[in-house]
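Observations on chain architecture
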Amino acid sequence: MSDQTLHISMYPWFAMGHLTAFLHISNKLAQRGHKISFFLPLKTQSKLQHYNLHPHLITFIPLNVPHVDGLPLGTETTADIDLSLGSLLATAMDLTRPQIEQSLIQLRPDFVFFDFSYWLPALLRGLETNIKSIYYSVINPASIWCGLRSLVLPRKNQLDEADHRSFSIKLRTHEAQALDAMLNMKYGSEVTFSKRFVTSLSDCDAICFPSCKEFAGPYSNYVEIRMNKPVILAGPVMPDPPGTQLEEKWARWLGGFKPRTVIFCALGSEYILTKQQLQQLLLGFELTGLPFFAALKPPTGIESIESALPEGSEERLKGKGLVCGSWVQQPLILKHPSVGCFVTHCGSGSLNEALLNECQLVFLPNIIDQIINARMMSGDLKVGVEVEKGDEDGLFTKEGVCKAVKAVMDEDSEAGKELKTNHAKWREFLSAKGLESSYIDGFVHKLHQLLG
């Protein structure tokens, strides 16, 4: 049975971090001969084409995303909008249901991997087929644990209660308030975020995380007990090494500095700082006295990143500080020998890339799953330092940024040595030959078992 090839459909939330994460697991499965039918917005196909390493087995199925009043014309993913419009995009995604249903009737896959489309398991049951639904979570089990805990669902048994007490992750006041607001906010037409979240977990046939027991075992156990269904760990699904070269202009600039001295900061495609916070971040880098390369989106309402820079900074930092408002080749920059510190928003993909490289880590999370990632990395694994923020307002200062960077870059301090040692241990673990293959093979075996 386990030698038979599977046909899996992928239907991720329309956000680039979700789309690329689903494509990474698709590549791993296609490498083993399994067929993938990948649903994605029509114009987004060109942005992901180069990530498709097995086009003979991974077929993109473009979706026409219906227009919803309030969204800019042509909106397809979260990269096209402000975070505040996410609910309208969820409505637009839900409106692709007829396209999904028609395609699945024709495709008849063995599984559909999904995350935000809470209605999908019921749709599959209505088709009266044996197509199984897999909730594929691009966020780690600790974040799901945090969401379930906040919703105060009925506990299953004493083990559940004991596990609940043993976890060390704590939210600050503003973070707990933000989580509560997010869970209760409308996210789609007549559905709250919490309903979308809990229904997806409750109705699916199994839950899967691209993680491993060494990182997230207790949290995945908790989810399995709480939801009373199989939880499968696919292992640390690492993206394949980029096959391109770093752009010459960036390679030339980075090449002008000593090894491990440059701060590289990238906060993802959806983290938009206010002008005040952007300036505090850059001033904090300036305070360290170290060269830095920051890839940041302009604040809302400001056309270019240059217009948001601190007064006089361009002159003060000429040749030593670089701020870019467009996409950059993050994996290749992290591999450059001059980069010694990575300031990250703690998206799962960025953390995977960071752990495989030698640069020290500073965490500046924004939304709840990034915050949980930061707490795990700084608390449980002790591989980096989180920038301090106000408990009530969630704001950081230039002094806090400088303090965090100096803490990880000071290799002579006991704390700096511990961080470097721990990072090296996890880098060695993640790079171990056979780790990923073992997890993926076990994952495929468990998928076959679900089919019966």
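Sequence order sets the numbering: in each chain, residues are counted from 1 along the sequence as written. With pLDDT at 70 or above as the cut-off, local features in this predicted model cover only qualifying residues; side-chain atom pairs require 80 or more to be listed or tallied, and sums for whole chains, interfaces and linings still use all residues. Only hydrogens and water are set aside when side-chain values are computed; all heavy atoms of the structure are taken into account.

Here we look at the overall build of the protein chain
Applied cut-off: Strands are runs of DSSP state E lasting at least 2 residues, helices are runs of H or I lasting at least 4, and numbering of each runs from the N terminus. Only C-alpha atoms enter the radius of gyration; for comparison, a globular chain is expected to reach 2.2 Å times N to the power 0.38, where N is the number of residues. The cut-offs for exposure are 20% and 50% of the maximum accessible area for each residue type, with area from a 1.4 Å probe on protein chains only; residues under the lower value are buried, those over the upper are exposed, and the others partly exposed. What makes two residues a contact is simply this: any of their non-hydrogen atoms within 4.5 Å. Areas reported here follow the Shrake-Rupley algorithm with a probe of radius 1.4 Å; residue values treat only the protein chains shown as occluding.
In terms of helices and strands, the protein chain carries 19 helices and 13 strands. The C-alpha radius of gyration computed for the protein chain amounts to 22 Å, which stays within 12% of the reference 22 Å derived for 452 residues, consistent with globular compactness. Summarising its shape, the C-alpha atoms of the protein chain cover approximately 65 × 50 × 40 Å along the three principal directions. For the protein chain, with 452 residues in total, the buried portion stands at 54%. Sequence separation of 24 or more characterises 70% of the internal contacts of the protein chain that already satisfy a separation of 6 or more. With an accessible surface of roughly 19800 Å², the protein chain has 52% of that area assigned to carbon and sulfur atoms.

A short note on the sheet that holds strand β12 (residues 360–363)
Strands in a sheet are paired, the pairing made by backbone hydrogen bonds, and the direction either parallel or antiparallel. The cut-off we apply is this: Following DSSP output, two strands are said to pair if at least two bridges run between them. Each axis is a line fitted through C-alpha atoms, and for a helix only the stretch in contact is used; angles between axes span 0 to 180 degrees, taken between their N-to-C directions.
What the 6 strands build is an open sheet, ordered β10-β9-β8-β11-β12-β13; its pairing is parallel. Two strands lie at the open edges of the sheet, namely β10 (321–324) and β13 (384–386), each paired on one side alone. Within this sheet the neighbouring strands show an average axis-to-axis angle of 15°, counted without direction. Of the pairings in the sheet, the one linking strand β8 (residues 262–266) to strand β9 (residues 292–295) comprises 4 bridges and is parallel in character. Each residue of the ladder has a partner; that of C265, found in β9, is A294. Against the sheet, helix α12 (residues 275–288) engages β8, β9, β10 and β11 (339–344), with an angle of about 165° to β9.

Structural notes on the nonpolar core
Definition in use: In these notes, a set of buried Ala, Val, Leu, Ile, Met, Phe, Trp, Tyr and Cys residues joined through side-chain atoms within 4.5 Å is what counts as a nonpolar core.
Membership of the largest hydrophobic core comes to 89 residues, with the highest contact counts inside it found for Y11, L104, F197, I207, F215, F264 and F293. Tallying contributions element by element places helix α10 (residues 213–227) first for this core, with 6 residues. Among residues more than four places away in sequence, those in contact with F264 are F293, V328, Q330, I333, L334, V339, C341, F342 and V343.

Overview of the confidence of the model for the protein chain
Here is the rule we go by: Values of pLDDT, which run from 0 to 100, indicate the predictor's confidence residue by residue.
In this model, the protein chain carries a mean pLDDT of 90, and residues with pLDDT of at least 70 account for 95%. When the criterion is pLDDT under 50, residues 158–165 qualifies, and its contacts beyond four places in sequence or with other chains add up to 12 contacts.

Here we look at the side chain of T91
Using the following cut-off: Each polar contact in these results corresponds to two N or O atoms within 3.5 Å; when the atoms are within protein, one needs to be able to donate a hydrogen and the other to accept it, and residues that are neighboring in sequence are counted only if both atoms are side-chain atoms.
When you line up the elements, T91 lands in helix α3 (residues 86–94). There is a polar contact of 3.1 Å between the side chain of T91 and the backbone nitrogen of S189. In this structure T91 touches V68, G188 and S189, once residues within four positions along its chain are discounted.

So, empty space enclosed by the protein
Selection criterion: Whether a set of points on the 1 Å grid over the protein atoms alone is a cavity depends on a 1.4 Å probe fitting there but being unable to get out, while an open set qualifies as a pocket with protein on both sides within 12 Å along at least five of seven lines; lining residues are those with an atom within 4 Å of a point. Grid points are joined across faces, edges and corners, and a volume is the space filled by probe spheres set on the points. For this classification, the nonpolar set comprises Ala, Val, Leu, Ile, Met, Phe, Trp, Tyr, Cys and Pro, the charged set comprises Asp, Glu, Lys and Arg, and every other residue, Gly included, is treated as polar.
As enumerated under the stated definition, the model contains 1 cavity of 30 Å³ or more in all. The calculated volume of the largest cavity comes to roughly 40 Å³. Forming the boundary of the largest cavity are L267, G268, Y271, L273, L278, A295, L296 and K297. Partitioning the lining of the largest cavity into residue classes produces 6 nonpolar, 1 polar and 1 charged.

Quick look at α3
Summarising burial for α3: 8 of the 9 residues are buried, a large majority. Residues of α3 that are buried: G86, S87, L89, A90, T91, A92, M93 and D94. In this structure, the buried side of α3 is in contact with β1 (7–11), α4 (97–107) and α9 (193–203).

Re the environment of G256
For G256, the location among the structural elements is in the loop between α11 (248–254) and β8. The exposure class assigned to G256 is exposed, which follows from its relative accessible area of 59%. Taking C-alpha positions, G256 is 47 Å from D180, a pair spaced 76 residues apart along the chain.

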